[in-house]
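Overview (structure and organization)
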Amino acid sequence: AEMERNLISERTSAALAQKRMNHEKCGGSVPYGYRVADGKLEPEPAEQAIIQRIKRLRSKGYAYKRIAEILTQAGICTRKGTPWRETQVIRVLQREAA
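Described in the following lines is the structure provided in the data block. On a predicted model such as this, the values are computed, not experimentally measured, just so you know.

Thoughts on the nonpolar core
If you look at the biggest cluster of nonpolar residues, it comprises 14 residues, and the most contacted ones within it are Ile50, Ile54, Leu71, Trp84 and Val89. Of all the secondary structure elements, the ones that give two or more residues to this core are helix 2 (45-59), helix 3 (64-73) and helix 4 (86-97). With sequence-adjacent residues up to four places away left out, isoleucine 54 is seen in contact with Ile67, Leu71, Trp84, Val89, Val92 and Leu93.

A closer look at the environment of leucine 16
Of note, leucine 16 is situated in helix 1 (residues 2-21). Along the backbone, leucine 16 and cysteine 26 are 10 residues apart, and their C-alpha atoms lie at a distance of 6.5 Å.

Looking at the packing of aromatic side chains
One pass over the full model with this rule turns up 1 aromatic pair. Residue placement shows arginine 58 over the ring face of tyrosine 64; its charged tip is 3.9 Å from the ring centre.

A short note on the pattern of salt bridges
When charged atoms on two side chains of opposite charge get close, those side chains can pair. For the structure on display, the rule yields 5 salt bridges. One salt bridge connects arginine 35 with glutamate 44, and the closest N-O pair in it is separated by 3.0 Å. What makes arginine 35 partly exposed here is its relative accessible area of 34%. The shortest N-O distance in the salt bridge between glutamate 69 and arginine 66 comes to 3.3 Å. Taken together, the positions of glutamate 69 and arginine 66, both in helix 3 and 3 residues apart, correspond to about one turn of that helix. Take glutamate 69: its relative accessible area is 33%, and that puts it in the partly exposed class.

Things to note about a positive patch on the surface
The grouping of Lys80, Arg85, Arg91 and Arg95 at the surface amounts to a positive patch. Looking at where arginine 95 falls in the secondary structure, it is placed in helix 4. By relative accessible area, arginine 95 is classed as partly exposed at 33%.

Reading the values: the criteria
Residues numbered from 1 in each chain as written. Predicted model: local features only at pLDDT ≥ 70, side-chain atom pairs only at ≥ 80, totals over all residues. Heavy atoms only, no water. Core = buried A, V, L, I, M, F, W, Y, C linked by side-chain atoms within 4.5 Å. Buried < 20%, exposed > 50% of the residue type's maximum accessible area, 1.4 Å probe, protein only. Helix = DSSP H or I, 4+ residues; strand = E, 2+ residues; numbered from the N terminus. Contact = heavy atoms within 4.5 Å. Phe/Tyr/Trp six-rings, centres within 6.5 Å; stacked < 30°, edge-to-face > 60°. Lys NZ or Arg CZ within 6 Å of the ring centre and 35° of its normal. Salt bridge = Lys/Arg side-chain N within 4 Å of Asp/Glu carboxyl O. Patch = residues over 30% accessible without salt bridge, like charges linked within 9 Å, V, L, I, M, F, W, Y side chains within 5 Å. Areas by Shrake-Rupley, 256 points an atom, 1.4 Å probe, with all protein chains shown as cover. Lys, Arg positive; Asp, Glu negative; His and termini not counted. Charge placed at Lys NZ, Arg CZ, Asp CG, Glu CD.

Below you can see the structure in the form of structure tokens.
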């Protein structure tokens, strides 16, 4: 039984890795900066522009919390319409680095 669980785990990991390589949705929510079209992740131009802004601010040495404040002060909300938080900025940058 343990061997079968390990085989299933390996197959699942391999299948998800393949889906990620093909830019297919792998479950969960759609990452910020993307949308699903025909089962595949495609860049969302408006959100991609915000991601580029986040990257520029970070490269200039701004702290994550300050970036969130700048976006919120500029009237830029998250996809859910809420103000940006430090953790959301971190998550967006980590996802883009992967």
